[in-house]
Amino acid sequence: MTHPIHALFARHWRPTPTLVAAGLLAALYYGFTGGLWAVTGEFTRWGGNLLQLCGVDVGSWAYFKAVALKGHPWDRPDGWMIAGMFLGAMTSALASREFKFRAPARHRRWVQGLIGGLLAGFGSRLAMGCNLASFFTGLPQFSLHSWLFIVGTAFGAWIASRLVMTAWFRGAPKLSETPVYVVAQAATSRASFAGLFGVAVLLALAMLNLYLGHAKFAGVMVAGAAFGVLLQRGQICFTSALRDLWLTGRTTMAKAIILGMAAQTVITAILIARGMTPIIHWASPGALFGGVMFGLGIVIAGGCETGWMYRLMEGQTHFVAVALGNVIGATVLAYGWDHWGLAQTLAVAWPEIDLVKTLGMTGALAATFAFLAACYAFVVFREARYLQTVRRPAVTPLTSEA
């Protein structure tokens, strides 16, 4: 008889209901914490903590003041939320028997992962958020900067989609029976029990936080674990959504992302109407240029911020390079924020446009859903356009003459 856990995790979950669920959970997370489901801000703080360990005084850096660099990851809600995401994604991979240590056969993938991670980390923090805080959870906050970031990310992904098809990026073909990934098979007979062990660890950490009086830490970690499970089971990756939009005409993931943002927008609007403060950032060139860099980076790296997190937990080892690149890129941006004058030139001199304050709640909802509808229509157009290009007239078979 199939174990109940394996029955639940036997197949990947459909993207649309999974992303709608993620959107609703993100709105509830905002209602519970007052903050966004986001990751790169905490990755930037990790860079600051590492510099502090090396003896660098980052206390005067304006960017670290802006992102509230205080204490260590275990002292911050975002640190526990990200820990929950990693744990949830790994538990899901184990329970579904999909955990395998894998390394790319081509060593250049490590370099590409690092470069892509650097670009994505730098660009996301220039725009004050990645595919979460400036995209999936940023747009439902009615912050106009998210519109610029989304457009920039789509354009950057379009450029990178051409780059990844070049011979330089793909490398010379190898005629061998070796699979694309060198796989060290993991035993799967005890996968369901490993999944249960992951849940037990999660609950133990949550109970420890409750015992220490950190109820918020416990709550955000459990929410993070739920996000991790949704990402892994739905194989949610913004990179594949944007890359496939340009290369293959597959639009299932892109449509699901749009619908997930729409569902999140409704709940977020209710919370804001009841008195919660939206999180607004500068509608600036930094949001647009950061989006372009982010779109380039995630396609080159082969995974967005959420994508590399769950893939790393599935055992795809080269995403360590992407993670390292993210932290380094974000930290470089933190240095350049005031030392290179990036803040004044590309960000803080520009207005923070809150659509609710500008248009009223009704107008903000109308504008946001019009933007989402335009995105959805463009996705449908790209799908139809691709199908037209690949459709070929039927060929009459040749017949031999006697």
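Residues numbered from 1 in each chain as written. Predicted model: local features only at pLDDT ≥ 70, side-chain atom pairs only at ≥ 80, totals over all residues. Heavy atoms only, no water.

Novice: Mind laying out the packing of helix H2 (residues 15-33) against helix H13 (residues 252-273), listing which residues take part and the relevant values?
Specialist: Packing of H2 against H13 leaves a shortest axis separation of 8 Å and a crossing angle of 25 degrees. Judged by the angle between their axes, H2 and H13 are roughly parallel. Every pair of crossing elements has a handedness; the one defined by H2 and H13 is right-handed. Between H2 and H13, the contacting residues are Pro15, Thr16, Leu19, Val20, Gly23, Leu24, Ala26, Ala27, Tyr30 and Gly31 on the first element and Thr252, Met253, Ala256, Ile257, Leu259, Gly260, Ala263, Gln264, Ile267, Thr268, Leu271 and Ile272 on the second. (Axes fitted to C-alpha atoms, helices over the stretch in contact; angles between N-to-C directions. Helix = DSSP H or I, 4+ residues; strand = E, 2+ residues; numbered from the N terminus. Parallel < 35°, antiparallel > 145°, perpendicular 65-115°, else oblique. Left-handed = near helix turned anticlockwise from the far one by under 90°. Contact = heavy atoms within 4.5 Å.)

Novice: I'd like a description of the state of the cysteines, backed by residues and values.
Specialist: Taken as a whole and judged by the stated rule, the model has zero disulfides. In this structure Cys130 is a free cysteine whose sulfur lies 7.8 Å from that of Cys304, the closest cysteine sulfur available. The class for Cys130 is buried, based on a relative accessible area of 0%. (Disulfide = S-S within 2.5 Å. Buried < 20%, exposed > 50% of the residue type's maximum accessible area, 1.4 Å probe, protein only.)

Novice: Can you explain the environment of Glu352? Please cite residues and give values.
Specialist: Relative to the helices and strands, Glu352 is located in the loop between helix H17 (342-346) and helix H18 (355-390). Every residue in contact with Glu352, bar those within four places of it in the chain, is listed here: Ile280, His281 and Trp282. Of note is the side chain of Glu352, whose polar atom sits 3.4 Å from the side chain of Trp282. (Polar contact = N/O pair within 3.5 Å; in protein donor to acceptor, adjacent residues only side chain to side chain.)

Novice: Help me get a handle on the packing of aromatic side chains, residues and values and all.
Specialist: Under the criterion given, the structure shown has 20 aromatic pairs. Through successive ring pairs, a cluster of aromatic residues spans Tyr29, Trp37, Phe135, Phe136, Phe227 and Phe238. (Phe/Tyr/Trp six-rings, centres within 6.5 Å; stacked < 30°, edge-to-face > 60°.)

Novice: Got a sec to walk through the side chain of Thr268? Specific residues and values, please.
Specialist: In this structure, Thr268 sits in helix H13. Separated by 2.8 Å, the side chain of Thr268 and the backbone oxygen of Gln264 make a polar contact.

Novice: Can you lay out unusual backbone geometry for me, pointing to particular residues and giving the numbers?
Specialist: Of note in the backbone geometry, Arg97 takes a positive phi value of approximately 60 degrees without being a glycine. Among the secondary structure elements, Arg97 is positioned in the loop between helix H5 (77-95) and strand S1 (101-104). Residue class for Arg97 comes out partly exposed when judged on its relative accessible area of 32%. Non-glycine residue Gln235 carries a positive phi angle of around 50 degrees. Within the secondary structure, Gln235 sits in the loop between helix H11 (215-234) and helix H12 (238-247).

Novice: So, the pattern of salt bridges: which residues are in play, and what are the values?
Specialist: All told, the structure shown has seven salt bridges when counted by the stated rule. Residues Arg45 and Asp78 are paired through a salt bridge, measuring 3.3 Å at the closest nitrogen-oxygen approach. Here Arg45 is found in helix H3 (residues 40-53), whereas its partner Asp78 is found in helix H5, with 33 residues between them in sequence. Residue classification places Arg45 among the buried positions, given a relative accessible area of 12%. Taking the shortest distance from any N to any O, the salt bridge between Lys255 and Glu383 comes out at 3.1 Å. Pair noted here: Lys255 is in helix H13 and Glu383 is in helix H18, with a separation of 128 residues, a long-range link. Within the structure, one salt-bridge network assembled from shared partners comprises Glu42, Arg45, Arg76 and Asp78. (Salt bridge = Lys/Arg side-chain N within 4 Å of Asp/Glu carboxyl O.)

That's the geometry; what it means functionally is another story.
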